Amino acid sequence: RSPRKESSAASDVYKRQEAESNPISDDLNEVFFLLVGVDTDSVDRKKPHEKKDIGIRSDTMMLVRVNFDDGSVRIMSLPRDSRVPVNGSLDKLNHAHSYGGMPLLMETVRDFTNLDVRNYVRVDFDAVEKIVDAIGGVEIDIPEKMYKEGSDPGREFVIDFEPGKQRLNGKQAVLFLRYREYE
C-alpha cells in the first residue's frame, strides 16, 4: 500500500506540514516551474543578435506549483521591477532575461528566492494568442472603456473595448494585455 493512501488524520497532518515546510520536492504528483511571459515585439527581429534572447525582457514572471493529488495550483508573482543581483550588480529582475536569456533568468530567480527552480515555461504574445484561440477564447469583465491607438511602423494597432462581460479571441486578448492606460 502506498504511503500516500494512508487514511489516519495524524498522517495527513504530518504530510501537509512536511509539504508546506519543503516547497521543492521531487514528488511525481506535483510540478514546480517558473512561468515567464516575454515581449518579443520589443526587439527588432530584423537585427541579428549573437544570442536569440538578448534584448528581450521578461514581462511576467510567476512561480507555479501544480499538485495533481489535490488539484491545487499555487502561483506567486515575481514583480518584474524587483531590484535583485543580476550578474553581480543590482538591477531589475526582468533585465536578467535580456542580458542572458533563460539561463541567467533562472539563475537570478534561484538566487533571489532561494528556491531550486529547475523548470520553466516561456510564452510570448504569439503563444498567448494561439492558446486563447485553442481554448475557444477567454471571458472577461472589462471594467471601463479601453481605447488606444498604436502607430509604430509595422506594429500599428487599435485597442477598442466597451465595458462589460465579453468573450475575447486570441488577438483581442493580446490587445487587452497590452493596454496600460488605466486610471
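The structure contained in this document is the topic of the report that follows.

Each value, and the rule that gives it
Residues numbered from 1 in each chain as written. Predicted model: local features only at pLDDT ≥ 70, side-chain atom pairs only at ≥ 80, totals over all residues. Heavy atoms only, no water. Pairing = 2+ DSSP bridges. Helix = DSSP H or I, 4+ residues; strand = E, 2+ residues; numbered from the N terminus. Axes fitted to C-alpha atoms, helices over the stretch in contact; angles between N-to-C directions. Parallel < 35°, antiparallel > 145°, perpendicular 65-115°, else oblique. Left-handed = near helix turned anticlockwise from the far one by under 90°. Contact = heavy atoms within 4.5 Å. Nonpolar A, V, L, I, M, F, W, Y, C, P; charged D, E, K, R; others polar. Buried < 20%, exposed > 50% of the residue type's maximum accessible area, 1.4 Å probe, protein only. Polar contact = N/O pair within 3.5 Å; in protein donor to acceptor, adjacent residues only side chain to side chain.

## Section: the sheet that holds strand 1 (residues 30–38)
Then step 1. Read from one edge of the open sheet, four strands run 3-2-1-6, paired in mixed fashion. On the outer flanks of this sheet lie strand 3 (73–77) and strand 6 (120–123), each paired with one strand and no other. On average, each strand axis in the sheet is tilted by 20° relative to the strand beside it, whichever way the strands run.
Then step 2. Bridge analysis of strand 1 against strand 2 (residues 58–67) gives nine bridges, and the strand direction is antiparallel. Along strand 2, the bridge assignment pairs Val36 with Met61.

## Here's the deal with the packing of helix 3 (residues 125–134) against helix 4 (residues 170–178)
Each pair of packed helices can be described by the angle between their axes along with the distance between the axes.
Then step 1. Between helix 3 and helix 4, the shortest axis-to-axis distance is 7 Å and the interhelical angle comes to 135°. If you check the angle between helix 3 and helix 4, you find them oblique. For the pair helix 3 and helix 4, the crossing hand works out as right-handed. On helix 4, the residues that touch Phe125, Val128, Glu129, Val132 and Asp133 of helix 3 are Gly170, Lys171, Ala173, Val174, Leu177 and Arg178.
Then step 2. Class assignment of the residues belonging to the contact of helix 3 with helix 4 gives a composition of six nonpolar, one polar and four charged.

## A closer look at the pairing of strand 3
Successive residues of a regular strand alternate their side chains across the two faces of the sheet.
Then step 1. Where strand 2 meets strand 3, five bridges bridge the pair, whose relative direction is antiparallel. Across the sheet, the residue bridging to Val66 is Val73, located in strand 3.
Then step 2. With antiparallel pairing between neighbouring strands as the criterion, strand 2 and strand 3 make up a hairpin whose turn holds five residues, including Gly71 at a positive phi of roughly 80°.

## Brief notes about helix 4
Then step 1. Here helix 4 has its buried residues at Gly170, Ala173, Val174, Leu175 and Phe176.
Then step 2. Considering only its buried residues, helix 4 is in contact with helix 3, strand 7 (138–142), strand 8 (146–152), strand 9 (155–161) and strand 10 (164–168).
Then step 3. Between the side-chain oxygen of the N-cap and the backbone nitrogen of Lys171 there are 3.1 Å, and the N-cap of helix 4 in question is Asn169.

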